[in-house]
Amino acid sequence: MLDSEQFIPQTTADGSFTFTSKEFGEDFHSHYGAKQESFLKFAEPTQLAFRAQEPVLRLLDICYGLGYNTAAALQTIWDINPHCHVEIIALELNPAVPQAAIAHHLFDNWGYKYTDILHQLAFNYQVQQEYLKAELIIGDARNSIQLLNQSGFLADAIFLDPFSPPQCPQLWTVEFVNQISLCLHPHGILATYSCAAAVRTALLSAGLVIGSTPPVGRRSPGTVAVHQKYSGNLTLLPLCQAEKEHLLTRAAIPYRDPQLIDPADVILMRRQQEQQASSLESTSRWRKRWLFDSAASNSQQANS
Ligand SMILES: C[S@@+](CC[C@H](N)C(=O)[O-])C[C@H]1O[C@@H](n2cnc3c(N)ncnc32)[C@H](O)[C@@H]1O
């Protein structure tokens, strides 16, 4: 069996397809709609339609996967300004994932105009044409991000889309998020689907200012992050009181990976030990206080 054959398309509620990862025990997208998630959790919160008026936009797509976030970004930008020069760096561990998305023709039901670009990226790992320069870097994003930082790449928009923190804690640690923040342009915006308190703590400890993104479907809110100096120029959706108090509970103790090399189980254990020794409020008490609030209970689920 080819590596890409292990991925079987499954329909999500908006008619687009996703895969399930046996390795991580999780779907690649929300079952409320994979395509919808790419637009509403990533392209919109990073304000790409607004920014498309700029002559050049640089994107960093962390966990490229099937390529949906890059696909949504290109469509959003070029629908507004087909002459915007886009530079994309995408990071992905497993090349079989984007290749399977192409092999299964998953962009056919998007009516997508730029499938040839995604095809080239999946199989040649780079694309260069008049208004696009894109590279798909295959490997552990923890290594790739360090090399990227050395190259001086600064992104106007960063999509942070790993599997959930319990399944893939290595891409939500304080140290990894700090590396990501170094790649964020002073006027850049980072977006992630996660509202986990541990993830938000990692973003804050990298010196970023955070806001919520509206829930999509019945899912919990996501998070955007920007540099402190830029936050005055933007209207970020502030965290609600429940979300703020969530950051004062044990759920907010972040994942740590000091050398950026530890396996998931070591990172999970390290956090669990820190939580056990902590005098912060338990997350279950916080949950009881906010039980009536569905957004809050969703946030809790993201952290359990
Ligand atoms: C939730 S999926 C991303 C979905 C994707 N953004 C899309 O639009 O289809 C997470 C992706 O992270 C990749 N991944 C897991 N561990 C990684 C690592 N250490 N470095 C880079 N990518 C990783 C997985 O192979 C998977 O494709």
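Here the structure is a predicted model, which means the values were calculated and not measured. (Residues numbered from 1 in each chain as written. Predicted model: local features only at pLDDT ≥ 70, side-chain atom pairs only at ≥ 80, totals over all residues. Heavy atoms only, no water.)

1. Quick word on the site of the ligand
Let me state the cut-off plainly: Note on terminology: near, applied to a residue and a molecule or strand, indicates that one of the residue's heavy atoms is within 4 Å of it. Here a polar contact is taken to be a pair of N or O atoms separated by no more than 3.5 Å, where protein atoms must pair a possible hydrogen donor with a possible acceptor and residues adjacent in sequence count only if both atoms sit in side chains. For accessible areas, the Shrake-Rupley method is used with a probe of radius 1.4 Å. Any residue's cover is judged against the shown protein chains and nothing else. Following the grouping adopted for this structure description, the nonpolar residues are Ala, Val, Leu, Ile, Met, Phe, Trp, Tyr, Cys and Pro, the charged ones are Asp, Glu, Lys and Arg, and the polar ones are all others, Gly among them.
Around the ligand, 19 residues are found, and the nearest of them are Cys63, Leu66, Glu92, Ala141 and Asp161. Taking Tyr68, its main chain carries an N or O atom lying 3.2 Å from an oxygen atom of the ligand. Asn69 has a polar side-chain atom sitting 3.3 Å from a nitrogen atom of the ligand. For the ligand, whose unbound accessible area comes to 600 Å², protein coverage reaches 98%. Of the residues contributing to the shell around the ligand, the split by class is 11 nonpolar, five polar and three charged.

2. Some words on helix H3 (residues 68-80)
Rule in force here: Counting from the N terminus, the helices are DSSP H or I runs at least four residues long and the strands are E runs at least two residues long. Each residue after the first adds 1.5 Å to the expected span of a helix. With a 1.4 Å probe rolled over the protein chains alone, any residue whose accessible area is under 20% of its type maximum counts as buried; one over 50% counts as exposed, and the rest are partly exposed.
For H3, built from 13 residues, the straight-helix expectation of 18 Å at 1.5 Å per residue is met to within 8% by its first-to-last C-alpha distance of 19 Å. With 10 of 13 residues buried, H3 lies mostly within the body of the structure. For H3, the set of buried residues is Tyr68, Asn69, Thr70, Ala71, Ala72, Ala73, Leu74, Thr76, Ile77 and Trp78.

3. A closer look at the packing of aromatic side chains
Heads up, the condition is: The aromatic pairing rule takes the rings of Phe, Tyr and Trp, using the six-membered ring of Trp, and pairs them if the centres are within 6.5 Å, calling planes under 30 degrees apart stacked, those over 60 edge-to-face and the rest tilted. Note on geometry: a ring has a charge over it if NZ (lysine) or CZ (arginine) is within 6 Å of the ring centre and within 35 degrees of the ring normal.
All told, the structure shown has 15 aromatic pairs when counted by the stated rule. Measuring from ring centre to ring centre gives 5.4 Å for Tyr68 and Phe107, while their planes differ by 70 degrees; the resulting arrangement is edge-to-face. Of this pair, Tyr68 sits in helix H3 while Phe107 is found in the loop between helix H4 (96-103) and helix H5 (115-124), placing the two residues 39 residues apart along the sequence. Under the relative-accessibility criterion, Phe107 is labelled buried at 2%. Sitting over the ring of Tyr255, Arg271 keeps its end group 4.4 Å from the ring centre.

4. Digging into the state of the cysteines
Every disulfide links exactly two cysteines, by a covalent bond between their sulfur atoms. Where we set the bar: Criterion for a disulfide: a pair of cysteine sulfur atoms at a distance within 2.5 Å.
Using the criterion set out here, one finds zero disulfides in the structure. You can see Cys84 has no disulfide; the closest cysteine sulfur is in Cys183, sitting 19 Å from it. Of the cysteine sulfurs around Cys240, a residue in no disulfide, the closest is that of Cys195, at 9.6 Å. Note on Cys240: relative accessible area 31%, which makes it partly exposed.

5. Re the sheet that holds strand S9 (residues 155-160)
So the rule is basically this: Strand pairing is defined by DSSP finding a minimum of two bridges between the two strands. Axis lines are fitted through C-alpha atoms, for helices just across the contact stretch, and the angle between N-to-C directions can take any value from 0 to 180 degrees.
The strand order across the open sheet built from eight strands is S7-S8-S6-S5-S9-S10-S12-S11, with neighbouring strands paired in mixed fashion. This sheet does not close on itself; its edge strands, each paired only once, are strand S7 (126-129) and strand S11 (208-213). With direction set aside, neighbouring strand axes in the sheet form an average angle of 15 degrees. Two elements, strand S6 (residues 85-92) and strand S8 (residues 132-138), share seven bridges in a ladder whose sense is parallel. Within S8, the residue paired with Leu91 across the bridge is Ile137.

6. A word on the environment of Gly33
Where we set the bar: Residues are treated as being in contact if the distance between any of their heavy atoms lies within 4.5 Å.
Tracing the backbone through its elements, the reader meets Gly33 in the loop between strand S4 (26-27) and helix H1 (34-43). With residues up to four places along the chain from it excluded, the contact list for Gly33 reads Thr12, Ala13, Asp14 and Ser16.

None of this, on its own, says anything about what the molecule does.
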